[in-house]
Structure formats: C-alpha cells, structure tokens
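# Per-entry structural report
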Amino acid sequence: MIGLPYYLVVGSILFGIGAFGTVTRRNAIAVLLSVELMLNAANLNFLAFWRFLTPAAMEPHLFVLIGLTVAAAEAAIGLAIVLNVYREYGTVNLDQIAELRG
Amino acid sequence: MGAPTQAIRDLSGILPILVLWGVALVILLGAPLLRRGPGSRLAAPLGGAGALGALLVLLRGSSDGFGDTLFAGAALTDTLYSSGAFVLLLGGFLSVLVAQTYLRSRDLEKPEYYAIMLLSLSGALLMMQANDLIVLFLGLELMSFGLYVLAGFARTDAKSDEAALKYFLLGALASALMLYGIMLTYGVAASTELSNVQSAVARGALKEPMGIAAALLLVIGLCFKIAAVPFHQWSPDVYEGAPTSATAFLATTAKIGAIVAFLRVCDTIAGGYHTWLPAIRAIAILSMIVGNLIAIAQTNVKRMLAYSGVAHAGYLLVAVACMGFRLMGTKGTQASILAMTGAVFYLLAYALALIGAFGVLAYLSSRDKDAQTLNDLRGLASSQPAVGYAMVLFMLSLAGIPATAGFIGKWQVFYAVLTGGDVALAVTMALTSAMGVYYYLRVVWYIVFEESAAPKPSPTGHGVEARPRAMTGVGAAITICCIATIGLGILPAAISSFLTVVR
Amino acid sequence: MLGRYIPLLVAVVIAAIIAGAMVVGSLILGPKKPTRFKETTYECGMTPVGSARDRFPIRFYLVAMLFIIFDVETVFLYPWAVTFELGSRAERMFLLTEMGIFVGILLIAYFYVVGTGSLEWGTEDDASSKALGKAKAARPPIRFGNENSGPVSLPSGARKAA
C-alpha cells in the first residue's frame, strides 16, 4: 500500500527541485518554471492530505483549484513581464539584467 | 437562515472590497474611452472615487456588526481589520492623487493603472479580513499581482521592467513558500481556518517538525512581502526602478496588508511562541540594524527610503513579536493588544510620511527629469519653500522626532514591547532609531542648507513643466500628508476611535 | 498489495518490447535510399520554407496568455456544477445568480480585451501589425527547393544520416 509518506516525499522532492532551480537557474523563464513546480508540490500534498487525513472534507480540492488559478495568473503576469524585459534588454538572463545597483 | 439572507450578510461584510472591484471593473470596461481624448481626464478621478468610496463604506459599516465571521468562517470583520483597512484605503487614495500628477507629467497615464491599483487594494483588504490561511494567500496574491504590474508600468523604461522582473520572481518564490507552509499547516491541523489552527497549536502542533516547518515557511513568506532582512534584497532595486507613484503605492500597500496579516497569524499561533518568537526577534533586530546601516550609504533618495523601509519593517516586527507575549500573563496580553493598536498607528504614520516623501519626488519630476537623488533636492527650501519644508517634515516623521505622527507610532510600539518585558528588543529599537536620525537629517541638510545646483528658477518656475503644480493631485496629497502628520503628532487621540484595536 | 500491479507491469513490459522490436526491426531491415528531398521536413506535401527556429510574432504569446487565464477560470465551473445538483430549488436560483456574476466578471474581462484591441490581428494602420509586416520583410527570401537549383538546406541530423 502506498501511504501518505510516499506522497509527502514526492512533494518535498518536487519542492526541493523547484527551490534549487529558483536559486541556481539564470534564465528568468526557467526560474518561473521552478516556482510553478514548487506550487504544484504544494497542490500534490494537499490532495495527499485529503486522501489520507480528511477524506470527508472537500476543502483540499478547492485549495488545489485556487492554487492552479493563482499559478496560471502568475504565469501570465510573469511572462508579460519577461517579454517586456526582453524588449528592453534583448536577453532573459538574470545576470545580464542588472542596471539597478547600489 | 436561508442562503440568500446569509449571502447578503456576508457580502455586506466585504462591502469595501466590492466597491473597489466595482469601480475597477467600470474603469476596465471604459478603458477604450478613458485611454485618450477628453475621457483620459476621468480615469484618475474614478480611481480616487473608488478608494474614497471604499473608505466611506468602511467607516459607515464600522458602527455595527463587528467581530463576525463571514462566508462560513473564511473571512471576518474585527477592529484589527477595520483599523488596518482605514489606513490602507487612506494610503490608496493619497497614492491615486500622487499618481494622477506623476503619470501625466511622465506620459505614462493609462486607465489600467488605477484599475490595477484598486484591485491591489482589494487584495490587501482580503488579506486583512482573512480568517483562513488560503484566503490570506489569495488576498496576498491578488495584492502582489497588481504590485508587480505597477512596478513595471513604465514599459519602455529598462529600469522599470527590471524592477518588475525582480519583484515578480522573488515575490513568486515567497508565495510558493507560503503555499507550501499553508499545505503543511493543513497536514498538522486538518484545516486552514485560523480558529482550528489555534486549537491545533494549543494541542502542541508547533512541537512537531511539520508544524515548525509550516510556521517558519509562513513567517518567511510574509517577511518577503514586508522586506525584512534577510529577505529584503529586492526592495531597493524595486523602489528605485518602479515609477515613483507606484513605489509610493507598493511600499505602503504591501507593508500595511502584510503586517496586519502577520499580526493576525502570529496572534493565532501565540500558543507556540517558543517556535517562532526567536525567529521573529532575530529578523526584527537584523532588519533594524542592517536597514539603518545601509541606508546611510545611499545617495538615491528612493533607495534610501527602501532601506529605511527595511528598518521600519524591523520596528513593525517588534510589534509582531509582541503577539507572542499574549499567553504570558495579563501583562503579556496587554502588550499584545497595545502592540496591535501601535502597529496600526505606526503604519498610518509611515504611510503618510512615505507617500508624502514620494509625492515630493513626484512633484519635482517632469517629462525629461525623474527626481530621485539627493542632488535633486539640493536647496529646495529656498527654491520651492513649501515643498521643501514638507519634505523636511516627512523626514522628521520617518525619523520619529517628537510632535510628528512618526514619533507617536514609534512610542506606542516601544511602550508595548516594554510592557511585554522584552528589554533587548526595546533597546535595539531605541538605538537604531537614533542611528536612523542621521540619514534622515542628511536629507534635511541638503534641502535646507545646501545651495541649489541649478540657477534660481524664474518666477514661472523652471522650463516647460513649470505650470503651477500646487493645485494638482500631488499638491493635494502632500498637503493632506503634512496636515495629518503634524495633526496626529500633536493630537493622536483625534483618530483613536478608528484605530484602536479591541480584543 | 503491490501484487495487484504485476499484470499492469507485464503489459507495460510487453508493449515496450513490441514497440522496441518494431523500431529496431525497421532500422535493420528497411531499405534506405536517402535523397535530398526525402530528407526535407514533411509538411503536408508542401515545400518547407525557412528554418523551423523562427521567431513568432508577439501576438501569439498574448493570445496564449489570454487563453490560459480564461481556460483556467472555467475550472471553477466544475465544483459549482457538482454542488448545483445538491441544492434545493431556492438555493439553485441563488447558485445560478452567483455563477452569473462570476461569468459576468469574465465577460467584462473579455470586453476589456476586445476593447483594447488585443485580439485584433490587424489592419494595416494598426501599429503592431506594421511591426509584424516589418518582421516578415526582414526574413530571408523564400526559396522553393524544387524550382531552385540551389541546395536545400537539410536539418543537421538528416545530413549526418546521409
């Protein structure tokens, strides 16, 4: 039987990959993807908790839907910002986007 | 009670949010008309009317029905919310006034700016009303999305785009951390409703590893939003790069929304203070020291205000730390309530002074010159005395000099933490405040004692943009901020009926 | 408990073996007479034009983003639809009103998108479609391999195989 810990481990691995990517990747879009991975790790664990801890409750489903919507809105805004940055800088490499220093 | 009557009761509890949404949607619907031609004059008044309308609705509603939970426990209305909302909406209205002049003078005005502002304000309101961590998350995101866009509103300005990107990436990371923390909370408490979280904490949930991780992730996520050390790196870049009116707005809105939510969350998990109180205290002390130290080295006023914002986040975290004393006897309970009232007053004083200061920068900006540095302020007291001395007043208020609102706010938080018996925090607060006076007074020095670099302007002002600005939005904003800063500094009791938090 | 999954595992393994055998078999047994035109990308019988690594007009991204937003919003219709069945008559009217408000807000967003011209692919006086035209002009001239004596550029992988 696959129990709750398995799901939690998968979730935390996803979260870890996302966190690692956010910190190490220099491409703005890759960072955005990593963040989405972290959000999805949380969504996965919500469903695991629902299945094993509170099978009668409906909230976790809604939490996942809210999480998905937020992630989609975030992606849309993020990509729009990245597009604007690309227009001005001609790159999406975070190391080369550094006019603001001080 | 039938579903419709219940719904009407619930909806009337979030009436300010509904007003903001309604006006924002009207602006969006009318956007094609408001974009150019005679309609473009209407966008800013509509935005201002939205914020002001929400404020009036809030004040009318505050006489009855408080302490209720709404939407089956998802949201609530209490005095912490209503006083925080008062500060937030006032700040929002003043930001609209600043934006009206600044955007026009920099050719950035679009109706969407005001719609996004109102939506962002509604997110912050939702965050303060949240009685459920997921609702808090939703409000936080709604607020942040608007702020990301506003930071990058000057689309053809590379700095503005860069600011938006940095703000967005770090903000998104913070919200991912927060969602993970909320998920872990659900794992521990089997619910995200604050009352259930509170009882889970009372059962010792914060002694389990998962509970500890959840609390720390929540704290980190909120600390990102208020730019506390070590999660502050985005703030100077964003403050500098964003259009000045957007900086004024995002600096105040994010801080008010996140601090009120922070107070509520920490009040809820006060039972497990041994887990999170040391972390908050460390972050508060670090923020006060680091923020004040780095601010000294800045020559760009926007960056300086960003680092000073970090320091102010530290002072506000002192108030948040007081939530941890709630269950430590009557003194502790008293301290936590005092800290809530103090924090809200502090936020009001901070918002007034900050919007005023950015308003002065906006006032001095024109199509081809964006006032940002200390040099731009040189000799302001002799060239434009009214604005110059207004800026002096705002700096004194931020520094916490007596007879200004900033002093009262700082004193209230200081008094609360002393009541709670945390001498270390109180001493750090006093010492770093004294440190902060240095760089605020340096701005004053530039304004009052340095000679103006530019030749004295002709009576009509300097150049093309010299039409009298005093009658425009930013002039009104600066005037209101000035009067309120002095008024609250001398008569803080005048507003206490709106701002006192009752438990 | 995991024993239940063994038939599934066997099926997966068999499928993998068969699929693998087909690919390997055709690699070994199939006749290979590559010509230049056989190696070009197959595009519905049309001659391929230009490189596949082309930059798309920015409008595609805008439409894609709008699509994502509207698409994900519909996800809220599902829990609503499930709950709708459970309500009494009066409650259903209430639920219907609520969903009407939700869809109404989406509709306003749609009007905004249309009103600001984000969905217009452009008449010639539209500034962004001018930019689009410029991008077209900047592309290398189109060459038809079968009419032109010049070599058809092949994907690097195909050239190696040849």
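Here the structure is a predicted model, which is why all the values come from computation and not from measurement.

### What to know about the overall build of chain B
Along its length, chain B carries 22 helices and 2 strands. A compact globule built from 503 residues would reach a C-alpha radius of gyration of about 23 Å, and chain B, at 22 Å, matches this within 12%. Dimensions along the principal axes, computed over C-alpha positions, put chain B at roughly 70 × 50 × 40 Å. Considering only contacts within chain B whose residues lie at least 6 apart along the sequence, 80% involve residues at least 24 apart.

### Digging into the overall build of chain C
For chain C, the count of helices and strands is 6 helices and 0 strands. Secondary structure elements of chain C, listed N to C terminal, follow the sequence α-α-α-α-α-α. Across chain C, every contact between residues at least 6 apart in sequence was considered, and the portion connecting residues at least 24 apart equals 60%.

### Quick look at the packing of helix α3 (residues 59-89) of chain A against helix α8 (residues 158-189) of chain B
Close contact between α3 of chain A and α8 of chain B brings their axes to 9 Å; oriented N to C, the two are set at 155 degrees. Classed by the angle they form, the pair α3 of chain A and α8 of chain B counts as roughly antiparallel. The element α3 of chain A and its partner α8 of chain B pack so that their crossing is left-handed. Between α3 of chain A and α8 of chain B, the contacting residues are Gly67, Glu74, Ile77, Gly78, Ile81, Val82, Asn84, Val85, Glu88 and Tyr89 of chain A on the first element and Ala158, Asp161, Glu162, Ala164, Leu165, Phe168, Ala172 and Leu179 of chain B on the second. Broken down by class, the residue content of the contact of α3 of chain A with α8 of chain B amounts to 11 nonpolar, 3 polar and 4 charged.

### Focus on the interface of chain C and chain A
Interface size is commonly expressed as the accessible surface area that is lost when the partners come together. The interface of chain C with chain A comprises 10 residues on the first partner and 13 residues on the second. Considering each element in turn, the side of chain C that touches chain A owes the most residues, 5 residues, to helix α2 (residues 59-73) of chain C. Tallied by class, residues from the side of chain C that touches chain A come to 10 nonpolar, no polar and no charged.

### Topic: the interface of chain B and chain A
Taken together, the contact between chain B and chain A spans 33 residues of the former and 33 residues of the latter. Taken together, the elements giving at least two residues each to the side of chain B that touches chain A come down to α7 (133-151), α8 and α11 (234-241) of chain B. The leading source of residues in the side of chain B that touches chain A is α8 of chain B, at 17 residues. Residue composition of the side of chain B that touches chain A, by class: 20 nonpolar, 5 polar and 8 charged.

### Things to note about the confidence of the model for chain B
Scored by pLDDT, chain B comes out at a mean of 90, with 94% of its residues at no less than 70. Here residues 456-467 of chain B scores under 50 on pLDDT; set against residues more than four positions off or in separate chains, the count is 9 contacts.

### Quick notes on unusual backbone geometry
All names here are of chain B. The amide bond that connects Val229 to the next residue, Pro230, takes the cis arrangement and shows omega of 5 degrees. Relative to the elements of secondary structure, Pro230 occurs in the loop between α10 (209-226) and α11. We note that Asp107 has phi near 60 degrees; this positive angle belongs to a residue other than glycine. Secondary-structure assignment places Asp107 in the loop between α5 (79-105) and α6 (111-129). On the basis of neighbour count, Asp107 is assigned to the exposed category, with 9 C-beta atoms found within 10 Å.

### Here we look at the environment of Ser160 of chain B
Residue and element names in this part refer to chain B. When you line up the elements, Ser160 lands in helix α8. For Ser160, a count of 26 C-beta atoms within 10 Å puts it in the buried group. Along the backbone, Ser160 and Ala351 are 191 residues apart, and their C-alpha atoms lie at a distance of 22 Å. If sequence neighbours within four positions are ignored, Ser160 has contacts with Ala151, Gly152, Phe153, Ala154, Gly241, Ala242 and Pro243.

### Some thoughts on the confidence of the model for chain C
The predicted coordinates ought not to be read in detail in places where the model reports low pLDDT. Residue and element names in this part refer to chain C. Across chain C, pLDDT averages 74, with 73% of residues at or above 70. Considering each helix and strand of chain C separately, the mean pLDDT is smallest for helix α6 (residues 156-161), with a value of 42, and largest for helix α1 (residues 6-29), with 92. With pLDDT under 50 throughout, residues 128-162 is counted as low confidence; its partners more than four residues away or in other chains account for 29 contacts. Both scores are available for the predicted complex, with the pTM at 0.87 and the ipTM at 0.96.

### A look at the environment of Val87 of chain B
Residues and elements named next belong to chain B. Checked against the element boundaries, Val87 lands in helix α5. Taking the C-alpha atoms as reference, Val87 lies 23 Å from Ala43; in sequence the two are 44 residues apart. Leaving out residues up to four positions away in the same chain, Val87 has contacts with Ile256, Val344, Leu347, Leu348 and Ala351.

### Some points on the packing of helix α4 (residues 43-61) of chain B against α6 of chain B
Residue and element names in this part refer to chain B. With their axes 8 Å apart at the nearest point, α4 and α6 run at an angle of 10 degrees to one another. Compared by their axis directions, α4 and α6 come out roughly parallel. Contacts between α4 and α6 involve Ala43, Ala44, Leu46, Gly47, Gly50 and Ala51 from the first element and Pro111, Tyr114, Met117, Leu118 and Leu121 from the second. Grouping the amino acids of the contact of α4 with α6 by side-chain chemistry returns 9 nonpolar, 2 polar and no charged.

### A look at helix α9 (residues 194-202) of chain B
All names here are of chain B. Of all the residues in α9, the buried ones are Leu194, Val197, Ala200 and Val201. Along α9, the residues classed as buried sweep out an arc of 115 degrees about the axis, all on the same side. Looking at the buried side of α9, the elements it contacts are α8 and α12 (244-268). Directly beyond the C-terminal end of α9, a positive phi value near 95 degrees is found at Gly204.

### What to know about the environment of Ile226 of chain B
Residue and element names in this part refer to chain B. Mapped onto the elements of the fold, Ile226 is located in helix α10. Separated by 51 residues in the primary sequence, Ile226 and Leu277 have C-alpha atoms spaced 17 Å apart. With residues up to four places along the chain from it excluded, the contact list for Ile226 reads Ala254, Lys255, Ala258, Ile259, Ala313 and Leu316.

Scoring rules and cut-offs
Residues numbered from 1 in each chain as written. Chains lettered and ligands numbered in written order. Predicted model: local features only at pLDDT ≥ 70, side-chain atom pairs only at ≥ 80, totals over all residues. Helix = DSSP H or I, 4+ residues; strand = E, 2+ residues; numbered from the N terminus. Rg over C-alpha atoms; globule rule 2.2 N^0.38 Å. Contact = placed C-beta atoms within 7 Å. Axes fitted to C-alpha atoms, helices over the stretch in contact; angles between N-to-C directions. Parallel < 35°, antiparallel > 145°, perpendicular 65-115°, else oblique. Left-handed = near helix turned anticlockwise from the far one by under 90°. Nonpolar A, V, L, I, M, F, W, Y, C, P; charged D, E, K, R; others polar. pLDDT = per-residue confidence, 0-100. Buried ≥ 20, exposed ≤ 12 C-beta atoms within 10 Å, placed from the backbone. Arc of directions from axis to C-beta.

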